[in-house]
Amino acid sequence: EAALIDPQQNFTQRYDAVRLYLDSLAKPVGSLGSMEDWASRITALQRTTKPKADNAVCLIFAADHGVAKDESDGGANCSAYPQAVSRKVLEGLDHGIAGASVLSKCNDVSLRVIDVGLADGACHYEWSGNVVHSSRYKIRGGTKNFCKGSAMTEEQVGNCLLAGREETRGFIDEVGASVVIFGEVGIGNTTTSSALIAALTGMDAESLCGSGASTTRDGVNRDIVSKKISIIKNAMQHHDPSSIKGKPLQALGAVGGAEIAAIVGGILEASERDIPVLVDGFIVTTAVMIACQIDPSVCRVLLFATQSTEKGQIVALQTIGEIATSNNIPAPSKPALSMNLRMGEATGALAAISLVRSACAVMSDLAALTDVLGLEMKSC
């Protein structure tokens, strides 16, 4: 405990001290796997041997993508689903009947949904304000088609980052949050995420693209994958990848999404407050990679919840691990769940919050091995 409260000890020193402590508990060394990394990470951040994850919050950011518009409207029709589905998902969230609504309620997680760029619907719909509301920084109509120009202006990127920071800060303060979850809604955002990773890492589109939400029980839709690969190749030809590789803010402007940029801002805010971030699937992992490129210290707070079915997540995770290692920060452990989850809306992270609470309980309540060996058993 002395290492936790010593102001001279940095995060890595505190983390290593906690790992040594966990090795002394009544279990085989390392036998709780990634849970031990999570326990060490949270304890080092909270600087107490009684870490908490009881007050968890989930912020879902929603936006539409120009590349997902119909070709007749200047888009590239990148998704198997029409863009109008994004708004319908938010209506479900507003009524408390969507996936994130159900999982946040059953796992006792406070939920908030923020529209940072949805396109206008056929019918006017007023968000209740209880769960869903529009950000004052909202990009009206969503982003532009990044195959024909920049998705966002520099000002719009900055405003989306601010939206994420402000919403996250406000919700953390309101609830007294000890863990933050981020989620997303936006038809076409797997294509946008793949484009971002391609732009920032130089990886080819074939190594990154899956079929996103169009995947079925029968497997991957090869036509959708081929179309995504073609779209990303077109975007890279338009945007000169050499000018944006390794430049996260420029990449967000060139091929990003409003909800992804907002999540980046929220992650940066949580990290600066030493609050653990339970990371959902592919799109949120992409936002995390971008946040780590902006500020490598973000690597401290990451708990990866779920392995995506999208190939691009593997590249993003490798990039995050490399950033952590090069900055002398313990690399985050692999995603905890491998259940073919691909719904979005933070559903994978919401399902994994019980594992975070379990990690805290292990740290707080598991006995030392010496204490167990010293127990006096009652005679039969």
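For the structure, see preceding data.
About the cut-offs
- Residues numbered from 1 in each chain as written.
- Predicted model: local features only at pLDDT ≥ 70, side-chain atom pairs only at ≥ 80, totals over all residues.
- Heavy atoms only, no water.
- Helix = DSSP H or I, 4+ residues; strand = E, 2+ residues; numbered from the N terminus.
- Contact = heavy atoms within 4.5 Å.
- Areas by Shrake-Rupley, 256 points an atom, 1.4 Å probe, with all protein chains shown as cover.
- Lys, Arg positive; Asp, Glu negative; His and termini not counted.
- Charge placed at Lys NZ, Arg CZ, Asp CG, Glu CD.
- Pairing = 2+ DSSP bridges.
- Axes fitted to C-alpha atoms, helices over the stretch in contact; angles between N-to-C directions.
- Expected span 1.5 Å × (residues − 1).
- Buried < 20%, exposed > 50% of the residue type's maximum accessible area, 1.4 Å probe, protein only.
- Parallel < 35°, antiparallel > 145°, perpendicular 65-115°, else oblique.
- Left-handed = near helix turned anticlockwise from the far one by under 90°.

Enquirer: It is not clear to me how the overall build of the protein should be interpreted in this structure. Could you clarify?
Expert: Of the regular secondary structure elements, the protein holds 14 helices and six strands. If you line up the protein on its principal axes, its C-alpha atoms span 80 × 45 × 45 Å. Sequence-distant contacts in the protein: of pairs separated by 6 or more residues, those separated by 24 or more amount to 78%. Just so you have it, the protein exposes about 16000 Å², and 51% of that area is on carbon and sulfur atoms. The distance from the centre of the 33 positive side-chain charges to the centre of the 41 negative ones in the protein is 2 Å.

Enquirer: Explanation requested: the sheet that holds strand S6 (residues 302–304) in the structure shown.
Expert: Sheets are built from strands paired through backbone hydrogen bonds, the pairs being either parallel or antiparallel. Here we have six strands laid out as an open sheet, ordered S3-S2-S1-S4-S5-S6, and parallel in their pairing. This sheet does not close on itself; its edge strands, each paired only once, are strand S3 (132–134) and S6. Neighbour-to-neighbour, the strand axes of the sheet open up by a mean angle of 25 degrees, direction not taken into account. Two elements, strand S2 (residues 109–117) and S3, share three bridges in a ladder whose sense is parallel. What sits directly across from Val-113, in S3, is Val-132.

Enquirer: What is the right way to look at helix H3 (residues 34–46) in this model?
Expert: A turn of α-helix holds 3.6 residues, and therefore any two residues three or four places apart point the same way. The terminal C-alpha atoms of H3 lie 18 Å apart, and with 13 residues this matches the ideal 18 Å at 1.5 Å per residue to within 8%. Most of H3 is tucked away: ten of the 13 residues are buried. Within H3, burial applies to Glu-36, Asp-37, Trp-38, Ala-39, Ser-40, Arg-41, Ile-42, Thr-43, Ala-44 and Leu-45. Contacts made by the buried residues of H3 are with helix H1 (2–5), helix H2 (11–23), strand S5 (277–279), S6 and helix H13 (347–365). The first or second residue beyond H3 is Arg-47, which carries a positive phi of 60 degrees.

Enquirer: Help me understand helix H5 (residues 99–106), please; the structure alone is not making it clear to me.
Expert: Taken together, the buried positions of H5 are occupied by Gly-99, Ala-100, Ser-101 and Ser-104. In this structure, the buried residues of H5 make contact with strand S1 (56–63), helix H4 (84–94), S2 and H13. Residue Asp-108 follows H5 closely and has a positive phi angle near 55 degrees.

Enquirer: Can you walk me through the packing of helix H7 (residues 189–201) against helix H8 (residues 222–239) in this structure?
Expert: When two helices pack together, their arrangement is given by the angle between the helix axes and by the axis-to-axis distance. Packing of H7 against H8 leaves a shortest axis separation of 10 Å and a crossing angle of 45 degrees. The orientation of H7 relative to H8 falls into the category oblique. At the point where H7 passes H8, the crossing takes the right-handed sense. Packed against H7, whose contacting residues are Thr-190, Thr-191, Ser-194, Ala-195, Ala-198 and Ala-199, the element H8 presents Lys-228, Ile-231, Ile-232 and Met-236 at the interface.

Enquirer: Help me understand unusual backbone geometry, please; the structure alone is not making it clear to me.
Expert: Negative phi characterises most residues that are not glycine, and trans characterises most peptide bonds. Phi angles above zero are rare outside glycine, and Asn-77 is one such case at about 55 degrees. Positionally, Asn-77 belongs in the loop between S1 and H4. We classify Asn-77 as partly exposed; its relative accessible area is 28%.

Everything listed here is a matter of coordinates, which is why it stays silent on function.
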